[in-house]
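# Tertiary structure, described
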Amino acid sequence: MAFGTMTFGGTDEHFRKLGSQQVDEATRLVRTALDAGVNLFDTADFYSAGASEEILGEALGSRRDEAIVSTKLRYPMGDGPDDGGLSRHHIIRACEASLRRLDVEHIDLLHLHQIDLTTPWEETIRALDDLVRSGKVRYLGLSNFPGWMVTKAAGISDARGWERFVCNQVHYSLLCRDIEFELVPSALDAGVGHVIWSPLSGGLLSGKFGRGVATPADSRRSRGFGDTVPVDDEQTLAILDVASDIAADRGCSVAQVAINWLITRPSVSSVVLGARTERQLIDNLGAAQWEMTADEAHRLNAVTDPPAPYPASHNRVHAADRQVGDNRRAVSGADSPGRAAQRKNGLVAD
């Protein structure tokens, strides 16, 4: 599991709705995570206009070497035409600014926070390769990228001998399984892991919501931040009914059920926990201490199974005889070097 720091700072109205932890509180959360065995810490230059990076750097302090520091770039950091995007100009400048704010000599994992269709993919990847070769960055990641761009990036890197992307940070939860139709097959094929943001779908799967329960005053909905993705409230309640039953049987929280289901899914390398309090963090971490049964997983899969879009819906019927893995999904077909590498590293099962 990883610890997300979007709640650090809260220096503007938008991010204040999520949280506003300053250095002292952030340090307690970071130390709690480190002591529990968490070593991946995720931030972004865009979070609270850089304040999240600054606070994370201070919170890690002398324990920096125990952590894998992950940050992201792409969103505008100013009003100029080159203050955002994925051009060589912005990538290099944004990376150097993040290094200063984090007060580190290198970034362990640098993500591209969002796509930029106005910049050639080759220009973006070459700039990132230069950052890795210069020692400023160790590994490269994506965030919110579609499957075709993941696959294309792998092909470009292999053809040019440039650094590959190792992961794609995406939203995935019991309320949103969209990535299973294109992103999961492309990731397995390219040898790219998924790092999951908002595993509780903005708190809807935290256990605070349920039938006949008023919207909590401290929830994102009440603070006006909105849902992570569009959701159907009745479907959400049906999912919460099943998750609540499993949680009651196990004596754990609904949040743990939602997170535990995620960490067993194909292609998932890590789940980013965005807890605002130490109590929430400790509870979320407890999801790693037990193993979901096949029956529990089946119950959750049944109530959350989304309708397949085309061409996945067509392939389910007309290509069922030549699929591998979960034949309810659009899978990649023949084994690939990327999938073989993930199997070797224990990321996918035979």
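Let us look at the structure shown here. Not measured: the values here are computed from a predicted model. (Residues numbered from 1 in each chain as written. Predicted model: local features only at pLDDT ≥ 70, side-chain atom pairs only at ≥ 80, totals over all residues. Heavy atoms only, no water.)

### Focus on the overall build of the protein
The line we're drawing: Each helix is a run of H or I in the DSSP string that is no shorter than four residues. Each strand is a run of E no shorter than two, and both are numbered from the N terminus. Under the scheme applied here, a residue whose accessible area is under 20% of the maximum for its type counts as buried, over 50% as exposed, and between as partly exposed, the area being computed with a 1.4 Å probe on protein chains only. Throughout, a contact is declared for two residues whenever any of their heavy atoms are within 4.5 Å.
When helices and strands are tallied, the protein shows 14 helices and eight strands. Taking all 350 residues of the protein together, 51% fall into the buried category. By sequence separation, contacts in the protein at least 24 residues apart represent 75% of the contacts at least 6 residues apart.

### Things to note about unusual backbone geometry
The omega torsion across Tyr310 and Pro311 is 5°, close enough to zero to call that bond cis. Mapped onto the elements, Pro311 comes out in the loop between α12 (294-304) and α13 (312-318). A positive phi angle, close to 50°, is found at Ser48, a residue other than glycine. Within the element layout of this structure, Ser48 appears in the loop between β2 (40-42) and α3 (51-60). Even without glycine at this site, Ser198 takes up a positive phi of about 50°. Turning to its location among the elements, Ser198 is positioned in the loop between β7 (193-197) and α8 (220-223).

### What to know about helix α6 (residues 147-160)
Just so we agree on the cut-off: Take the number of residues in a helix, subtract one, and multiply by 1.5 Å to get its expected span.
Given a rise of 1.5 Å per residue, 14 residues ought to cover 20 Å, and the 20 Å separating the end C-alpha atoms of α6 matches this to within 8%. Every buried residue of α6 is listed here: Gly147, Met149, Val150, Ala153, Ala154, Ile156 and Ser157. On the buried face of α6, the contacting elements are α5 (121-134), β5 (137-143), β6 (165-171) and α7 (183-190). At the exit of α6 stands Gly161, carrying a positive phi of roughly 75°.

### With respect to the nonpolar core
Operational definition: Definition of nonpolar core: a set of buried residues of the types Ala, Val, Leu, Ile, Met, Phe, Trp, Tyr and Cys, connected through side-chain atoms within 4.5 Å.
The biggest cluster of nonpolar side chains holds 84 residues, and the ones touching the most others in it are Phe41, Leu112, Trp121, Phe165, Val257 and Leu300. It is helix α10 (residues 254-263) that contributes the most residues to this core, seven residues altogether. Dropping the residues within four chain positions of it, Val257 is found in contact with Ala243, Ile246, Ala247, Cys252, Trp290, Met292 and Leu300. Of all hydrophobic cores here, the second largest spans six residues; its members include Ala2, Leu40, Cys167 and Val272.

### Structural notes on the pairing of β5
For the record, the criterion: In this analysis, strands are considered paired if DSSP registers two or more bridges between them. A right-handed crossover is one whose linking path, passing over the helix from the first strand to the second, runs clockwise when the strands point away from the viewer.
When you tally the buried positions in β5, you get five out of seven residues, the bulk of the element. In this structure, strand β4 (residues 107-112) lies alongside β5, joined through five bridges in parallel fashion. Pairing of Leu112 across the sheet is with Leu142, part of β5. A crossover links β4 with its parallel partner β5, the connecting element being α5, and its sense is right-handed. Taken together, the four bridges between β5 and β6 define a ladder with parallel strand orientation. Within β6, the position partnered with Leu142 by the bridge is Asn168. For the segment spanning β5, α6 and β6, crossover handedness is right-handed.

### Description of the packing of aromatic side chains
To keep things clear, this is the line we draw: Aromatic rings from Phe, Tyr and Trp, taking only the six-membered ring of Trp, are treated as a pair when their centres fall within 6.5 Å; an angle between ring planes under 30 degrees marks them as stacked, one over 60 as edge-to-face, and anything in between as tilted.
Going through the model one piece at a time under the given rule, you end up with eight aromatic pairs. Here the aromatic rings of Phe15 and Phe46 are separated by 5.5 Å at their centres, their planes lie at 75°, and the arrangement is edge-to-face. Remark: Phe46 occurs in the loop between β2 and α3 and Phe15 occurs in helix α1 (residues 13-16); sequence separation between them is 31 residues. One aromatic cluster is present, built from ring pairs that chain together Phe15, Phe46, Tyr47 and Tyr75.

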